[in-house]
2 protein chains.
Amino acid sequence: MVKPDIVFVARLAGVSPATVSRAINHPELVSAATRRKIDLAIEKSGYIRNRAAQAMHGKRSATIGLVMPTISNMIFAEVTQAFNDTVSDQGFTLLLASHGYDLDTEYRLIRKLFEHRVDALAVIGLDHSHGTFRMIAEQRVPVLAIWNYAPDSALPCIGVDNREAGQLAAQHLVALGHRRIGMVFPSTVDNDRARGRQAGAIAVFQAAGVELKDHWRIEVPYNIAQAKSAIAELLGRDDRPTALLCGNDVIAQGAIYAAARLGISIPQALSVIGVGDFAGSAQVEPTLTTVRIPARQIGVSAGQVIVDAVSRSDPDFMVRTRIDLDLIMRASTGMPADARRAG
Amino acid sequence: MVKPDIVFVARLAGVSPATVSRAINHPELVSAATRRKIDLAIEKSGYIRNRAAQAMHGKRSATIGLVMPTISNMIFAEVTQAFNDTVSDQGFTLLLASHGYDLDTEYRLIRKLFEHRVDALAVIGLDHSHGTFRMIAEQRVPVLAIWNYAPDSALPCIGVDNREAGQLAAQHLVALGHRRIGMVFPSTVDNDRARGRQAGAIAVFQAAGVELKDHWRIEVPYNIAQAKSAIAELLGRDDRPTALLCGNDVIAQGAIYAAARLGISIPQALSVIGVGDFAGSAQVEPTLTTVRIPARQIGVSAGQVIVDAVSRSDPDFMVRTRIDLDLIMRASTGMPADARRAG
DNA sequence: AATAGCCTTGCAAATGTTTTCATAGAAAAT
DNA sequence: ATTTTCTATGAAAACATTTGCAAGGCTATT
């Protein structure tokens, strides 16, 4: 019992392979009667069409590649889900790869995706290796950058302006009257998201004359455990800031837990603000003030745009969509103690 | 400028296509000199081999399918990451699909994966539709069930005994002296994980003579927001339990936040236990007592087993690996108030 | 009644690669 | 010097499908 192929099905239905192929891909071209016979033969034989053979014919492979820094982090799980749902509804299957924030690995993974002849490719952010950009240009396949927006991006992009995200967060702290502010960010090498947010925040602080002390600026990985312990160490010192601007909500949650552990009350003694508004940020106690990045919306739009580009088979499409950010004020930020006394 | 294929590269290198193919797949069969020429031609032309054509030849497609209920939930993100890392190291690429806890959707997705001729397939849990089982049997492709262990499973499996997980959690509460216990679980239809845990817990409670009140048992989706609000409602009533056994850590985190919101102190006035030990469970305040499911370990073992089955091309392999559970005692559970007085 | 046009189907070529078999030349053994 | 054994390469078949072209049978039009 070998696997049934299209000629087996054809024989079983008493028609030619060509007709079976048509019945599957262009049902309107074959008469209702033969279609029924063929459906029956397919059912009976357990035939499953071979996409590889189809793709070889220059047709679509019906796959879309998605490359992310990591999957196991709340940060990207939500976009991935939304993106997958959207393209999946249109009959595509997702080829997933994750590179652990390493752009050389990313290059190798993207190459593999091209080997599989993905119909389109989505990547996170606009930071990529030179080789990656060259390969993408050669392949003539629609490629979309997700998560980041830049008006002058080399690739089509759908996402937010991370600089603005940093600004919004910083402005909120400044407006509340904070002057003693700490910053907790992940490494900014190979990570344009974090870099943009940090730059935006620093610009605002400088314009407002807020001095950033070096020992209140720490670098931690995207990881609650390490964020919590590093921040606990920072907050344990004698001289501590009245507010913490965190590179994202994962780190901000770490900050909230660290404060809870040390008995520092939020927002009375410490304000914490994050970026992202991930699942859980609205539920932590105290609930987290953050700059909302609408992950689901980004994933859905990205899916639509990319499916559209594929169906127009337009590798040179250009789209730059800026998704709006919102400052979500919750319970983790407030005026610093001295300002409260003064006001 | 069309895309270079293997004959283009061959011409460029001054050899036959067969030699190029060999240089790529069995480098040891071609002389160092020609290999160099070919590498150069590949580099120069930007050639990327076509896996579809390769797969069509009856060779491996170098893809592995993974079907999950959902990706956007901490629960599965970690296994997915570990599994992906493992198979990716061996040269495979992941085809991902998520069905939103619907087994008919799952059937359709698995069919699509088979269309793409995945070399192997991993699914979550042992609950699947009849059609799915039939299709899997017909396809002669290694299939592995992840996350769940059962000694009599129809499919090879690697995972934990969910019944035991429920028992461990229940025993811990009983041992602490709790008698007034609430249970918060997701829907158990089409979800053997939740079903097993619930059954295990109930068995222990009955054996211990603990009476489970209906109005202390609620059903919520896997979702912090809804878990928190439903639990807050439960805890807001006059008559409330001294302990909450939660179907997993996501729900347990919701319980912790709900208690915090209501000013109910954990563990003095309420004990909370979860199942899973997801990222964050060790950092919440109070830190969460839970039954640890080693997600990373499961993902890695699963990846190894499945790659092994593929390389032996053994569709009928059978493996049943039971991964050990551990009760992780943290700060969210303690003796009930009356027991403390008595003791 | 004859012709034109449409609908349905089959034939065969094409797709990009791998692999079996064959061959030519070189190296080794006699 | 002749035969044997290797090694490196090429020619061609095979893989499962799609599609352009052609043809046969109808219906509709005149």
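In this text, all values refer to a predicted model and were calculated from it rather than measured experimentally. (Residues numbered from 1 in each chain as written. Chains lettered and ligands numbered in written order. Predicted model: local features only at pLDDT ≥ 70, side-chain atom pairs only at ≥ 80, totals over all residues. Heavy atoms only, no water.)

Peer 1: Quick rundown of the pattern of salt bridges? Include the residues and the values.
Peer 2: The tally for this structure, following the rule as stated, stands at 32 salt bridges over all chains. Two residues, B:Arg51 and A:Glu115, come together in a salt bridge whose shortest N-O distance is 3.0 Å. Placement of the pair is B:Arg51 in helix H4 (residues 51-56) and A:Glu115 in helix H6 (residues 103-115), with the two residues belonging to separate chains. On the accessibility criterion, B:Arg51 (12% relative accessible area) is buried. Measuring nitrogen to oxygen at the nearest pair gives 2.8 Å for the salt bridge that ties B:Asp239 to B:Arg180. One end of the pair, B:Asp239, is in the loop between helix H10 (224-236) and strand S8 (243-246); the other, B:Arg180, is in the loop between helix H8 (162-176) and strand S6 (181-185), and 59 residues separate them in sequence. With relative accessibility at 32%, the residue B:Asp239 sits in the partly exposed group. Salt bridges sharing partners connect three or more residues here, namely A:Arg49, A:Arg51 and B:Glu115. (Salt bridge = Lys/Arg side-chain N within 4 Å of Asp/Glu carboxyl O. Helix = DSSP H or I, 4+ residues; strand = E, 2+ residues; numbered from the N terminus. Buried < 20%, exposed > 50% of the residue type's maximum accessible area, 1.4 Å probe, protein only.)

Peer 1: Talk me through the interface of chain A and chain B; I want residue IDs and the actual numbers.
Peer 2: It is common to report an interface's size as the accessible area lost on association of the parts. Counting residues at the interface gives 57 residues for chain A and 57 residues for chain B. Summed over the shared surface of chain A and chain B, the number is 8 salt bridges. Across the chain A-chain B interface, the total number found is 26 residue pairs in polar contact (both at pLDDT 80 or more). Those elements that place two or more of their residues in the side of chain A that touches chain B are helix H4 (51-56), helix H5 (74-89), strand S2 (93-98), H6, helix H7 (130-139), helix H10 (224-236) and helix H11 (249-262) of chain A. With 8 residues, H5(A) is the single largest residue contributor to the side of chain A that touches chain B. The residue inventory of the side of chain A that touches chain B, partitioned by class, reads 25 nonpolar, 19 polar and 13 charged. (Contact = heavy atoms within 4.5 Å. Polar contact = N/O pair within 3.5 Å; in protein donor to acceptor, adjacent residues only side chain to side chain. Nonpolar A, V, L, I, M, F, W, Y, C, P; charged D, E, K, R; others polar.)

Peer 1: Talk me through the sheet that holds strand S1 (residues 63-68) of chain A; I want residue IDs and the actual numbers.
Peer 2: Strand order across the open sheet formed by 12 strands is S11(A)-S5(A)-S4(A)-S3(A)-S1(A)-S2(A)-S2(B)-S1(B)-S3(B)-S4(B)-S5(B)-S11(B), with mixed pairing between neighbours. Looking at which strands have only one partner, the edges of the open sheet turn out to be strand S11 (320-322) of chain A together with strand S11 (320-322) of chain B. Each adjacent strand pair in this sheet contributes to an overall mean axis angle of 20 degrees, direction not counted. Sheet topology note: the strand S1 (residues 63-68) of chain B/strand S2 (residues 93-98) of chain B ladder contains 6 bridges and is parallel. Residue pairing in the sheet places B:Leu66 in a bridge with B:Leu96 of S2(B). Strands in contact with helix H12 (residues 295-311) of chain A are S1, strand S3 (120-124), strand S4 (143-148) and strand S5 (157-160) of chain A; relative to S4(A), the strand with the most contacts, it is inclined by about 170 degrees. (Pairing = 2+ DSSP bridges. Axes fitted to C-alpha atoms, helices over the stretch in contact; angles between N-to-C directions.)

Peer 1: Describe the protein's contact with DNA strand D, and please don't skip the residues or the numbers.
Peer 2: The full set close to DNA strand D counts 24 residues, and A:Ile6, A:Ser21, A:Asn25, A:Tyr47 and B:Thr19 are the nearest of them. When the atoms of DNA strand D within 4 Å of the protein are grouped by moiety, sugar and phosphate amount to 62% of the total. The separation between a phosphate oxygen of DNA strand D and a polar main-chain atom of B:Ser16 is 2.8 Å. Take B:Arg22: an N or O atom from its side chain is 2.8 Å from a base nitrogen of DNA strand D. Residue assignment for the surface near DNA strand D shows that the elements contributing at least two residues are helix H2 (17-25) and H4 of chain A together with helix H2 (17-25) of chain B. The biggest single contributor to the surface near DNA strand D is H2(A), with 4 residues. The residue inventory of the surface near DNA strand D, partitioned by class, reads 8 nonpolar, 11 polar and 5 charged. (Near = heavy atom within 4 Å.)

Peer 1: Got a sec to walk through the environment of A:Asp316? Specific residues and values, please.
Peer 2: All names here are of chain A. Relative to the elements of secondary structure, Asp316 occurs in the loop between H12 and S11. A relative accessible area of 53% means that Asp316 is categorised as exposed. Residues Asp316 and Arg140, 176 residues apart in the sequence, show an inter-C-alpha distance of 7.5 Å. A polar atom in the side chain of Asp316 sits 2.7 Å from the side chain of Arg140.

Peer 1: Describe the packing of aromatic side chains, with residues and values.
Peer 2: Residue and element names in this part refer to chain A. Overall, the coordinates contain 4 aromatic pairs over all chains when judged by the stated rule. Measuring from ring centre to ring centre gives 5.7 Å for Phe76 and Trp147, while their planes differ by 65 degrees; the resulting arrangement is edge-to-face. Of this pair, Phe76 sits in helix H5 while Trp147 sits in strand S4, placing them 71 residues apart in sequence. Residue class for Phe76 comes out buried when judged on its relative accessible area of 2%. Since its relative accessible area comes to 1%, Trp147 is described here as buried. (Phe/Tyr/Trp six-rings, centres within 6.5 Å; stacked < 30°, edge-to-face > 60°.)

Peer 1: So, the relation of the copies chain A and chain B: which residues are in play, and what are the values?
Peer 2: Comparison of the two chain copies shows a relationship of rotation about an axis with a shift along it. Mapping chain A onto chain B calls for a screw motion: a turn of 180 degrees about the axis and a shift of 0.0 Å along it, with 0.1 Å RMSD after fitting. A rotation of that kind, with that shift, is consistent with a two-fold axis. Of the residues that chain A buries at the interface, 100% are likewise interface residues in chain B, meaning the two copies contact each other through the same surface. (Least-squares fit on C-alpha atoms with pLDDT ≥ 70 in both.)

Peer 1: For the protein's contact with DNA strand C, give the residues involved together with the corresponding values.
Peer 2: Near DNA strand C, the surroundings consist of 25 residues, among which A:Thr19, B:Ile6, B:Ser21, B:Asn25 and B:Tyr47 are the closest. Put simply, 60% of the atoms of DNA strand C that lie within 4 Å of the protein are in sugar or phosphate. For DNA strand C, a base oxygen lies 3.3 Å from a polar atom in the side chain of A:His57. Here a phosphate oxygen of DNA strand C sits 3.2 Å away from a polar atom, N or O, in the main chain of B:Asn50. The leading source of residues in the surface near DNA strand C is H2(B), at 4 residues.

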